[in-house]
Amino acid sequence: MAVAFEHLSVMPAEVLHWLQPKDGGIYLDGTLGGAGHSRLILETADCRLIGLDRDPAALEKAAEVLAPYEDRVSLQHATFDQAAEVLRQLEIEFLDGMLLDLGVSSHQLDTPERGFSFRHDAPLDMRMNPQAGMTAADVVNQAEEEELARIFFEYGEERFSRRIARRIVARREDAPLTRTGELAQLVKQAVPGGNKPGRIHPATRVFQALRIHVNQELDQVRNGVAAGIDLLRPGGRMVVISFHSLEDRIVKQLFRDKSKGCICPPKLPVCQCHQVPAVKVLTRKGVKAGATEVEVNSRSRSAVLRAIERC
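Here the structure is a predicted model, which is why all the values come from computation and not from measurement.

A. Highlighting the overall build of the protein. A tally of helices and strands in the protein yields 13 helices and eight strands. Put simply, 66% of the contacts in the protein that link residues at least 6 apart link residues at least 24 apart.

B. Spotlight on the nonpolar core. Ranked by internal contacts, the top residues of the largest apolar core, which has 65 residues, are Met98, Phe152, Ile164, Ile168, Leu183, Met238 and Phe255. Among the elements that line this core, the one with the most residues is helix 10 (residues 204–215), at six residues. Setting aside residues no more than four positions away along its own chain, Ile164 makes contact with Phe152, Glu158, Leu186, Val187, Ala190, Val191 and Val206. Ranked by size, the runner-up nonpolar core spans 30 residues in total, among them Ala35, Cys47, Ile241 and Val287.

C. Geometry of the packing of helix 7 (residues 145–156) against helix 8 (residues 161–172). At a minimum axis separation of 8 Å, helix 7 and helix 8 run at an interaxial angle of 135°. Relative to helix 8, the element helix 7 is oriented oblique. Crossing angle aside, the handedness with which helix 7 passes helix 8 is right-handed. Along its contact with helix 7, which presents Glu145, Leu148, Ala149, Phe152 and Phe153, the element helix 8 presents Ser161, Arg162, Ile164, Ala165, Arg166, Ile168, Val169 and Arg172. Of the residues contributing to the contact of helix 7 with helix 8, the split by class is eight nonpolar, one polar and four charged.

D. Summary view of the pattern of salt bridges. Tallied over the entire structure, the rule returns 17 salt bridges. A salt bridge links Glu85 to Arg88, with the nearest nitrogen and oxygen atoms 2.6 Å apart. Placement of the pair is Glu85 and Arg88 together in helix 4 (residues 83–89), with a separation of three residues, close to one helical turn. In this structure, the salt-bridge partner of Arg306 is Asp248, at a minimum N-O distance of 2.7 Å. Here the residue Arg306 occupies a position in strand 8 (residues 304–310), and Asp248 occupies one in helix 12 (residues 245–258), the gap between them amounting to 58 residues. Comparing Arg306 with Asp248, the two get one shared label, buried.

E. Structural detail: the confidence of the model for the protein. Averaged over all residues, the pLDDT of the protein equals 91, while 94% of them reach at least 70. Per-element mean pLDDT across the protein ranges from 67 in helix 5 (residues 106–109) up to 98 in strand 1 (residues 26–29). Note that pLDDT drops below 50 for residues 1–5; the model gives that stretch 12 contacts with residues more than four away or on any other chain.

F. The arrangement of the pairing of strand 1 in detail. Neither face of strand 1 is exposed, since Ile26 and Leu28 on one face and Tyr27 and Asp29 on the opposite face are all buried. Pairing between strand 1 and strand 2 (residues 48–53): four bridges, direction parallel. Bridging from a neighbouring strand, Leu28 pairs with Ile50 of strand 2. Handedness of the β-α-β unit built from strand 1, helix 2 (residues 36–44) and strand 2 comes out right-handed. Note that strand 1 and strand 4 (residues 95–101) share three bridges and pair parallel. Residue pairing in the sheet places Tyr27 in a bridge with Gly97 of strand 4.

G. Geometry of the environment of Leu246. With respect to the secondary-structure elements, Leu246 resides in helix 12. For the pair Leu246 and Gly34, spaced 212 residues apart in sequence, the C-alpha separation works out to 24 Å. Setting aside residues up to four positions removed in sequence, Leu246 forms contacts with Glu154, Tyr155, Glu157, Ile212 and Leu218.

H. Region of interest: helix 11 (residues 217–230). Here helix 11 is 14 residues long and its end C-alpha atoms lie 20 Å apart, about the 20 Å a rise of 1.5 Å per residue gives. Regarding helix 11, the residues found buried are Glu217, Leu218, Gln220, Val221, Gly224, Val225, Gly228 and Ile229.

I. Quick look at the packing of aromatic side chains. Across all of its chains, the model carries one aromatic pair by this definition. Geometrically, the ring pair formed by Phe118 and Phe207 is edge-to-face, given 5.1 Å between the ring centres and 80° between the ring planes. Within this pair, whereas Phe118 is found in the loop between helix 5 and helix 6 (136–142), its partner Phe207 is found in helix 10, the two being separated by 89 residues in sequence. Sitting above the plane of the Phe243 ring, Arg299 keeps its charged end 4.2 Å from the centroid.

J. Looking closely at the side chain of Glu247. Inspection of the secondary structure assignment puts Glu247 in helix 12. The side chain of Glu247 is buried and forms no salt bridge, while Arg211, the nearest opposite charge, is found at 4.7 Å. Residue contacts for Glu247: discarding those within four places in its chain leaves Leu102, Gly103, Glu217, Leu218, Val221 and Ser242.

Rules behind the numbers
- Note that residues are indexed from 1 along each chain, following the sequence as it is written.
- Reporting in this predicted model follows two pLDDT cut-offs: at least 70 for local features of residues, and 80 or more for side-chain atom pairs to be given and counted; totals over whole chains, interfaces and linings ignore these cut-offs and use all residues.
- Excluding hydrogens and water, the side-chain figures rest on all heavy atoms present in the structure.
- The helix count covers DSSP runs of H or I at least four residues long, the strand count covers runs of E at least two residues long, and both are numbered beginning at the N terminus.
- The contact criterion used is simple: two residues touch if any of their non-hydrogen atoms lie within 4.5 Å.
- Grouping buried Ala, Val, Leu, Ile, Met, Phe, Trp, Tyr and Cys residues that are joined through side-chain atoms within 4.5 Å yields what is termed a nonpolar core.
- Note on classification: 1.4 Å probe, protein chains only; a residue is buried when its accessible area is under 20% of the maximum for its type, exposed when over 50%, partly exposed between these limits.
- Whenever a helix is involved, its axis is fitted only over the stretch in contact; in every case the axis is a line through C-alpha atoms, and angles between N-to-C directions fall within 0 to 180 degrees.
- If an angle is under 35 degrees, it is roughly parallel; if it is over 145, roughly antiparallel; if it lies from 65 to 115, roughly perpendicular; otherwise it is oblique.
- Each helix crossing is assigned a hand: it is left-handed if the near helix lies turned anticlockwise from the far helix by less than a right angle, otherwise right-handed if that turn is clockwise.
- Throughout this entry, Asp, Glu, Lys and Arg are counted as charged residues, while Ala, Val, Leu, Ile, Met, Phe, Trp, Tyr, Cys and Pro are counted as nonpolar. The remaining residues, Gly among them, count as polar.
- A side-chain nitrogen of Lys or Arg and a carboxyl oxygen of Asp or Glu constitute a salt bridge if their distance falls within 4 Å.
- pLDDT expresses, on a scale from 0 to 100, how confident the predictor is about each individual residue.
- The rule for pairing is simple: two strands pair if DSSP sees at least two bridges between them.
- The path from the first strand over the helix to the second decides the hand: if it runs clockwise while the strands point away from the viewer, the crossover is right-handed.
- In this analysis, the expected span of each helix is defined as 1.5 Å times one less than the number of residues it contains.
- Stacked, tilted and edge-to-face pairs are distinguished by plane angle, under 30 degrees for stacked and over 60 for edge-to-face with tilted covering the rest, among Phe, Tyr and Trp rings (Trp via its six-membered ring) whose centres lie within 6.5 Å.
- Two limits define a charge over a ring: the Lys NZ or Arg CZ must be within 6 Å of the ring centre, and within 35 degrees of the ring normal.
- The charge count includes Lys and Arg as positive and Asp and Glu as negative, but it does not include His or the ends of the chains.

Written out as structure tokens, the structure reads:
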């Protein structure tokens, strides 16, 4: 398992630049993964860090990585949208900073038995917390055809969603789909031109969609980012790294909405809503990884970093 956790943290310099960890501060890493970003924060400042992850394997590895700083670290088995409850239990009222590195982690992708990737034939699981919830196999074998098509289209932006859903329902009448290889091959056969060499594997979007659905990732982003803003003290910062447009769109809109002042109709002579900006957006266009980093770490190619500061 330790080998599977070897990975490069995305945009490390940019995270430190926008988060600005300081001595005496309290910071929360809501998506620990391999704890690379957390280690950087603790190396940069004499601060306290709360680390959350829904994956027990990630917490186990993070404890090893952060062992030199254990007197300043608290690791919790929780999702980042549960941060308020975690802080309440730790008797912490506000944070000086919060980091969210969204999506699936490198170790999850690189551990075949977790079923996140079709590069290896493995059980069709995809749960970030393997101890709870429905598996991807449960979804493809139990969901109605219309629901499957919706999942593939909404979360994977798959143009052949209905065709793929129809093929899955027909296939499972003979036997349930239980392996990543089975599903990848079915999708490949269902998509026109799926066997053409050199193109992106036709199952890529379907696997993304199932992973997002199984782990309720977009709901977690929507709820967790909004709740996280309320946990920041004035001047506190939030940094979010997204890896696909669905996540980034939610983060961008939430930051924009929270940065607005008066929303009364223009014709009203006096403000009636009394709304004031909750945050200041620090990264208007989003920050992308530089060419050098992309060359070394291909995962950073699709990453977009956004940051805000609490007013």
